[in-house]
Amino acid sequence: MDRAILEPRRRFLEWVVALGAAGIGAIAGIPLLGAIVYPLRARTVREDDGFLDVGKADNVNADAPTKATVLATRWDSWARIEGVELGTVWLTRDPSGAIVAFSSICPHLGCSVDYLADSKIFNCPCHGTVFRPDGSVVSGPAPRALDRLACKVEGGRVLVKFQRFAVGTREQRTA
Ligand code: FES
């Protein structure tokens, strides 16, 4: 065939192949691009925010509240980190035997509340607020009782919904 006719056809086919390859490359790159820009458009640090396992129900008794550490899984961009400590809670039982969970954060200014077994009271070492075993205030500057946290027992395990509350306020407000 005439070379003058073949040459434009060959160049046209080269263009078609090049455009096709570029198109396929662009389509294949979309997921990769999405993964790269994901942290720009999504909440990149998040934690478990439901009920978290804090231990065996059998270990909780009314006479001596048990301190439990609340651990969660954290997702930071692409990383999944197990066992991130969110805080601690006090577990005890009410008169009916039901398990009750209190935040260990003092509602006055946020110090960590201890339990004094000899006196059977919760005590905040920072400014001396004393709380009864049911969380109510005996004395001191704390403006409200210890913050109760939602909790339940499933399969013999205690599950607590860990929350932080504003300190220094009479009413309980999520921080
Ligand atoms: S922080 Fe607990 S009494 Fe002040």
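Reference entry: report on the structure contained in this document. Everything quoted here is computed from the prediction, not taken from an experiment.

**Remarks on the overall build of the chain**
When you go through the chain residue by residue, the secondary structure sums to one helix and twelve strands. The secondary structure elements of the chain, listed N-terminal to C-terminal, are α-β-β-β-β-β-β-β-β-β-β-β-β. Each of the 175 residues in the chain was classed as buried or not, and the buried ones make up 28%. Contacts spanning at least 24 positions in sequence make up 50% of the contacts within the chain whose residues lie at least 6 apart. Of the roughly 10,900 Å² of accessible surface on the chain, a fraction of 58% belongs to carbon and sulfur atoms.

**Some thoughts on the pattern of salt bridges**
In a structure, side chains of opposite charge can pair up when their charged atoms sit close to one another. As enumerated under the stated definition, the model contains five salt bridges in all. Salt-bridge contacts for Asp53 lead to Arg157; the nearest nitrogen and oxygen are separated by 3.0 Å. Taken as a pair, Asp53 in strand β2 (residues 51-56) and Arg157 in strand β12 (residues 157-161) lie far apart in primary sequence, 104 residues in all. Glu82 is paired through a salt bridge with Arg80; the nearest N and O atoms lie 2.8 Å apart. The residues Glu82 and Arg80 share a single accessibility class, namely exposed.

**Focus: the sheet that holds strand β9 (residues 137-139)**
Read from one edge to the other, the open sheet built from four strands follows the order β6-β7-β8-β9, with strand pairing classed as antiparallel. Strands at the two margins of the open sheet, each flanked by one partner only, are β6 (114-116) and β9. Two strands pair when backbone bridges link them, and β6 and strand β7 (residues 121-123) are joined in this way by three bridges, in the antiparallel orientation. Looking at the pairing, Asp114 lines up with Asn123 of β7.

Rules of the game
- Residues numbered from 1 in each chain as written.
- Predicted model: local features only at pLDDT ≥ 70, side-chain atom pairs only at ≥ 80, totals over all residues.
- Heavy atoms only, no water.
- Helix = DSSP H or I, 4+ residues; strand = E, 2+ residues; numbered from the N terminus.
- Buried < 20%, exposed > 50% of the residue type's maximum accessible area, 1.4 Å probe, protein only.
- Contact = heavy atoms within 4.5 Å.
- Areas by Shrake-Rupley, 256 points an atom, 1.4 Å probe, with all protein chains shown as cover.
- Salt bridge = Lys/Arg side-chain N within 4 Å of Asp/Glu carboxyl O.
- Pairing = 2+ DSSP bridges.

By themselves, these are just geometric observations and shouldn't be taken as functional.
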